[in-house]
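Letter by letter, the chains look like this.
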Amino acid sequence: MDAHVHRAKGGRGRRAKSQLKASPFLSLDGTSAIAEDIGRQVVASGRRFTPKQIENTIEAVTVDEIKRVAQKYFVGQGRESNFHTRCS
């Protein structure tokens with residue numbers, strides 16, 4: 001893959017991670033929203049995560065992990081067409 005394409009994909013990844021890190025916190029504008037967020041985290045995972053833990057988890061996501069998950073959930077569902085071409 002040439003450097004230009006690699007930079008473009010990396011830029012989208014950084015932008016997506018930034019948006020993903022900010023979105024949960026932008027909606028926590030009151031005590032009810034905060035309580036809902038705590039409840040959602042506890043129900044989904046059995047514990048509450050600190051903002052730093054959430055940020056670190058998002059930052060740790062790699063392109064290879066995204067490809068693996070896409071393969072599992074999308075390719076396995078009959079959407080195999082040109083997945084490898086678009087993600088390479």
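The present account deals with the structure reproduced in this document. As the structure is a prediction and not an experimental result, all values here were calculated from the model.

## Quick look at the overall build of the protein
When helices and strands are counted, the protein shows 5 helices and 0 strands. Element order for the protein, N to C, with α for helix and β for strand: α-α-α-α-α. Relative to its 88 residues, the protein shows a buried fraction of 10%. Long-range contacts, defined as pairs at least 24 residues apart, comprise 41% of the intrachain contacts of the protein with a sequence gap of at least 6.

## Topic: the pattern of salt bridges
For the structure shown, the criterion picks out 2 salt bridges. With a shortest N-O distance of 3.9 Å, Glu55 and Lys52 are connected by a salt bridge. Here Lys52 and Glu55 lie together in helix α3 (residues 51-59), a separation of 3 residues that amounts to about one turn. For Lys52, a relative accessible area of 48% translates into the label partly exposed.

## Notes on the side chain of Lys21
Note that Lys21 resides in helix α1 (residues 3-26). A polar contact is formed between the side chain of Lys21 and the side chain of Glu59, at a distance of 2.6 Å. Ignoring any residue separated from it by four or fewer positions in sequence, one finds Lys21 in contact with Glu55, Ile58 and Glu59.

## Section: helix α2 (residues 31-45)
Helix length check: α2, at 15 residues, gives a terminal C-alpha distance of 21 Å against a target of 21 Å (1.5 Å per residue), a fit within 8%. For α2, the full list of buried residues reads Ala33, Asp37 and Gln41. Buried positions in α2, seen along its axis, are confined to an arc of 75 degrees and lie on one side of it. Those residues of α2 that are exposed and angled more than 90 degrees off the buried face are Thr31, Ser32, Glu36 and Val43. Buried residues along α2 sit in contact with α3. One or two residues past the end of α2 sits Gly46, with phi positive at roughly 85 degrees.

Calculation rules
- Residues numbered from 1 in each chain as written.
- Predicted model: local features only at pLDDT ≥ 70, side-chain atom pairs only at ≥ 80, totals over all residues.
- Heavy atoms only, no water.
- Helix = DSSP H or I, 4+ residues; strand = E, 2+ residues; numbered from the N terminus.
- Buried < 20%, exposed > 50% of the residue type's maximum accessible area, 1.4 Å probe, protein only.
- Contact = heavy atoms within 4.5 Å.
- Salt bridge = Lys/Arg side-chain N within 4 Å of Asp/Glu carboxyl O.
- Polar contact = N/O pair within 3.5 Å; in protein donor to acceptor, adjacent residues only side chain to side chain.
- Expected span 1.5 Å × (residues − 1).
- Arc of directions from axis to C-beta.

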